[in-house]
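Single-letter residue listing:
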Amino acid sequence: MTTAYDLRCRECGKSYGIQPLSICDDCFSPLEVTFDLEYARSRFTREAISNGPLNMWRYRALLPVPDSYDPQTPAGFTPLMKAPRLGQHIGATNLYIKNDAVCLPTLSFKDRVVAVALANAKEFGFDTVGCSSTGNLANAVAAQAARMGLKTFILVPADLEPAKILNTQVYGATLVRVEGNYDHVNRLCAQIADRYNWGFVNVNLRPYYAEGSKTVGFEIAEQLGWRLPDNIVCPMAGGSLITKIRKAFKELVALGLVEDRPVRFFGAQATGCSPISTAVKNNTDIIEPQRPNTIARSLAIGNPADGPYASRAIRESGGWAEDVSDVEIVSAIQELAETEGVFTETAGGVTTAVTARLYAHGRIKPDELTVSCITGNGLKTTDCLQGAYEQNQAIRPRLTDFENFVEERNSINQALSFLGESYVS
Amino acid sequence: MSVRVLLPNAFQKHTNNVREISSTAANLPELVTEIEGKFPALRQHLRGEDGQIRRFINFYVNEEDIRFLGNEKYAFKDDDEILVIPSIAGGCC
C-alpha cells in the first residue's frame, strides 16, 4: 500500500471510508479526504518525488488513488515562471506565475482534478462519468474520459463560449446545454447524481477530485527549491483551489519537506460575481449568493460550495480578496500576454488584475515572493478580445510597401508618445 | 394550495427512503416545521446546535434560490416545486 486515506465530514468529522460520496448524512456538510500523514511520511519524500514521473503523479503518495491504478493522464508539472516584466509594470520585484494555461491535455488546471476523479471512477466501477461545468472542467472530463474509455454526460450553461463547447464535443462527449447559469446547471447535476448511478466528478467524486488541486501547491514548493512563498494569489469560483493549495503546504510542512513559514493567501474574483471576496471584505464565512454577471464565466459561480472555507483560509492566513471589473480583466489579459508571453483566459485576467491591485494598495510588498496562479488558456475565451485589435491593410509583397508600413507605424508611435501614450503591438 | 417538495438522497436515511412529499406549508419556516413533524429523525440532523438550519442546506423554489426570493418571507404558490439540496457541490477553482 502506498497511500492511506479516508473520507471525513469537514464539520462533524464522521468517517465514511472510501466510497463515491460527497455529503455527510448526519449533518449534510461536505466530505473531504484525510490522509494518514504518519503513513505517508516514509513514502512522500523529496527523493521519492524526484524519482517520480515529470507530471502530477510524482505526488501520488498524497493523492487519493488506489495503489493498483496505473495513471493514464499525465497532467500537471507546469512551469513556474519568474515574471520580471509584468513585475516592472505593477511594482513587483519577486513575482512568479504558475502557468496552468499550458497544463495538459486540455490547457487548464482542471486536468489535475479530473485525473484524480477519473482514477476513482474506474475504481468504483462507473462506466459513465459527468460533470457540471463552466467550460474548463467539461474539456478536461471529455478528453480524459475518452482516453480511459468512459462514457460521458457533460452539463454546461447554454451560453458558454463556443471554443469551450467545441473543445468538449470533439472528444465525443455527450454535451447537454442547459438554460440558465452555472448554479442552475449545478443544481440539476446534483439531482441527476442522486438518480443515476454515474460518477459525477464534482458531485459524488468531488472529495477525490478536489485533492488533485493540491498538486498546484506541491509543484510551487518543489519548483521554488522546496520552500514556501510569502504570498499566493489565486482565482476563486467555487473556492476550492485556494483551500487545497493551503492544504498542500500544510502537508508539506507536517512531513518536513519544507520549512514552516506563514503564507498569505489572496483570492481573486470578478466584481460581477464576487460572493467570496465580499465575504472576506466583510470579515465573515457567511456567503451571500449572487447572480453572476461577468465575462469571466469560468469563475461565474454565485453560490460557491467552498466559499466559507475559502473565506476562512484567506482571513486566517492574513491575506485578502479583491474583485475587478470586466474592463480590467481584458486589460490584464493583454498585459500578461505583452509582458510575459502568457495568453490566459478571463479567469487569468481576473487573477492578474487582482495581483496588480494588491501591489498598488500595498497589501503585498514589492520584494515578497509572490506566486500568481494562472489556471486557464486564452485560446478558449478569444471572444472577450473581439474588436480589441485592428486588422492592418494587407501590403503587396514588395519591400517598398513594407518600408512605408514601418514608416507609418513610427509616425503613429511618435504622435502617441508626444501625447504621453504608447502603442504596443 | 399545495407545493411539491423533493428531498435529496442524503436525507433518505432519516425519511424511510421517502424522496418526495406534498405540503400545504405557506412558507419556508412552516415547511421545515412540517418536514420535521413528518420525519422526527431528521430534525437533529437538519438543525445545528444553535437550533438554526445548517448552513450547507439549500432551498430552491422552481429554478431559483429561495434567498433571491425573500427567503423566509417568500409565500409559496400553488404548484411550486421546492428542491432541497445539501452542500451543493461544484465550482471551478
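How each quantity is defined
- Residues numbered from 1 in each chain as written.
- Chains lettered and ligands numbered in written order.
- Predicted model: local features only at pLDDT ≥ 70, side-chain atom pairs only at ≥ 80, totals over all residues.
- Heavy atoms only, no water.
- Patch = residues over 30% accessible without salt bridge, like charges linked within 9 Å, V, L, I, M, F, W, Y side chains within 5 Å.
- Areas by Shrake-Rupley, 256 points an atom, 1.4 Å probe, with all protein chains shown as cover.
- Salt bridge = Lys/Arg side-chain N within 4 Å of Asp/Glu carboxyl O.
- Helix = DSSP H or I, 4+ residues; strand = E, 2+ residues; numbered from the N terminus.
- Pairing = 2+ DSSP bridges.
- Buried < 20%, exposed > 50% of the residue type's maximum accessible area, 1.4 Å probe, protein only.
- Arc of directions from axis to C-beta.
- Contact = heavy atoms within 4.5 Å.
- Axes fitted to C-alpha atoms, helices over the stretch in contact; angles between N-to-C directions.
- Polar contact = N/O pair within 3.5 Å; in protein donor to acceptor, adjacent residues only side chain to side chain.
- Phe/Tyr/Trp six-rings, centres within 6.5 Å; stacked < 30°, edge-to-face > 60°.
- Lys NZ or Arg CZ within 6 Å of the ring centre and 35° of its normal.
- Buried area = accessible area lost by both parts, 1.4 Å probe.
- Nonpolar A, V, L, I, M, F, W, Y, C, P; charged D, E, K, R; others polar.
- 1 Å grid on protein atoms, 1.4 Å probe; cavity = no way out; pocket = protein on both sides within 12 Å on 5 of 7 lines; lining within 4 Å.
- Points joined across faces, edges and corners; volume = space filled by probe spheres on them.

This brings us to a nonpolar patch on the surface. On the surface, Ile395(A), Leu399(A), Phe402(A) and Val406(A) cluster together into a nonpolar patch covering about 360 Å² of accessible area. Tracing the sequence through the fold places Val406(A) in helix H15 (residues 399-418).

Here the idea is simple: oppositely charged side chains can pair when their charged atoms come close. Residue and element names in this part refer to chain A. Applying the stated criterion across every chain yields a total of 42 salt bridges over all chains. Glu38 serves as the salt-bridge partner of Arg41, at 3.1 Å between the closest nitrogen and oxygen. A salt bridge links Arg261 to Asp230, with the nearest nitrogen and oxygen atoms 2.5 Å apart. Remark: Asp230 occurs in the loop between helix H9 (214-223) and strand E10 (231-235) and Arg261 occurs in the loop between helix H10 (240-254) and strand E11 (264-270); sequence separation between them is 31 residues. Linked by salt bridges that have partners in common, Arg10, Glu32, Arg206, Glu211, Lys214, Lys244, Lys247, Glu251 and Asp306 make up one network.

Another aspect to go through is the sheet that holds strand E7 (residues 151-157) of chain A. Residues and elements named next belong to chain A. One open sheet accounts for 4 strands, arranged E8-E7-E6-E9; its pairing is parallel. Only two strands of the sheet have a single neighbouring strand rather than two, namely strand E8 (174-178) and strand E9 (199-200). Of the strand pairs in this sheet, strand E6 (residues 128-132) and E7 are connected by 5 bridges, and their pairing is parallel. Each residue of the ladder has a partner; that of Cys131, found in E7, is Ile154.

With that settled, consider unusual backbone geometry. Residues and elements named next belong to chain A. The amide bond that connects Leu104 to the next residue, Pro105, takes the cis arrangement and shows omega of 10°. You can see Pro105 is positioned in the loop between strand E5 (95-99) and helix H4 (110-124). Even without glycine at this site, Phe28 takes up a positive phi of about 60°. With respect to the helices, strands and loops of the structure, Phe28 is situated in the loop between strand E2 (15-17) and strand E3 (31-35). Classification of Phe28 by relative accessible area gives buried; the value is 0%. Look at Phe77: it is not a glycine, yet its phi comes out positive at around 50°. For Phe77, a relative accessible area of 24% corresponds to the partly exposed category.

This part takes up helix H6 (residues 162-169) of chain A. All names here are of chain A. Within H6, the full set of buried residues consists of Lys164, Ile165 and Thr168. Buried residues of H6, seen end-on, are gathered within an arc of 100° and therefore sit on one face of the element. Residues of H6 that are exposed and angled more than 90 degrees away from the buried face: Pro162 and Leu166. Taken together, the buried residues of H6 touch helix H5 (136-148), E7 and E8.

Another point: the sheet that holds strand E4 (residues 64-65) of chain B. The strands making up a sheet are joined through hydrogen bonds of the backbone, oriented either antiparallel or parallel. Strand order in the open sheet made by the 5 strands is E2-E1-E5-E3-E4 (chain B), with mixed pairing throughout. Of all strands in the sheet, those bounded by a partner on one side alone are strand E2 (20-23) and E4 of chain B. In this structure, strand E3 (residues 57-61) of chain B lies alongside E4(B), joined through 2 bridges in antiparallel fashion. When the sheet's bridge partners are listed, Tyr60(B) is paired in E4(B) with Asp65(B). The sheet contacts of helix H7 (residues 182-195) of chain A involve strand E1 (3-6), E3, E4 and strand E5 (81-86) of chain B, and relative to E5(B) the element is tilted by about 80°. Sheet contacts for helix H1 (residues 28-38) of chain B: E1, E2, E3 and E5 of chain B; angle to E2(B), the most-contacted strand, approximately 125°.

With that settled, consider the side chain of Asp65(B). Residues and elements named next belong to chain B. Within the secondary structure, Asp65 is located in strand E4. Relative accessible area serves as the criterion here: at 4%, Asp65 is assigned to the buried category. At a separation of 2.9 Å, a polar atom in the side chain of Asp65 contacts the main-chain amide nitrogen of Arg67.

As enumerated under the stated definition, the model contains 14 aromatic pairs over all chains in all. Judged by centre distance (6.4 Å) and plane angle (70°), the rings of Phe124(A) and Phe126(A) are edge-to-face. On the basis of relative accessible area, Phe124(A) is assigned to the partly exposed category, the value being 22%. Residue Phe126(A) is classed as buried on the basis of its relative accessible area, which comes to 8%. Aromatic rings pair up to connect Phe153(A), Tyr196(A), Trp198(A) and Phe200(A) into one cluster. Above the ring of Tyr39(A), the side-chain terminus of Arg43(A) is found at 3.9 Å from the ring centroid. Stacked on the ring of Phe68(B), the Lys or Arg Arg291(A) has its end atom at 4.4 Å from the ring centre.

A separate point is the interface of chain A and chain B. In this assembly, 45 residues from chain A lie in contact with 32 residues from chain B. Summing the contributions of chain A and of chain B, the shared interface buries around 3200 Å²; its carbon and sulfur component is 54%. Across the contact surface, chain A and chain B share 4 salt bridges. Here Arg291(A) makes a salt bridge to Glu64(B), at a shortest N to O gap of 3.1 Å. Linking chain A with chain B are 9 residue pairs in polar contact (both at pLDDT 80 or more), by the criterion used here. Listed by contribution, the elements that provide at least two residues to the side of chain A that touches chain B are H7, helix H8 (206-211), H10 and helix H12 (307-317) of chain A. With 8 residues, the top contributor of residues to the side of chain A that touches chain B is H7(A). Looking at the side of chain A that touches chain B residue by residue, the class counts come to 20 nonpolar, 13 polar and 12 charged.

Put simply, the largest pocket is a space of about 1100 Å³. Considering the residues around the largest pocket, the lining is formed by 38 residues, among which Ile53(B), Arg54(B), Arg55(B), Phe56(B) and Ile57(B) are closest to the centre. Secondary structure elements with two or more residues in the lining of the largest pocket: H1, helix H2 (40-46) and E3 of chain B. Considered class by class, the residues forming the lining of the largest pocket number 16 nonpolar, 10 polar and 12 charged. Of the volumes computed, that of the second largest pocket is approximately 600 Å³. Elements with a contribution of two residues or more to the lining of the second largest pocket: H7 of chain A together with E1 and E5 of chain B.

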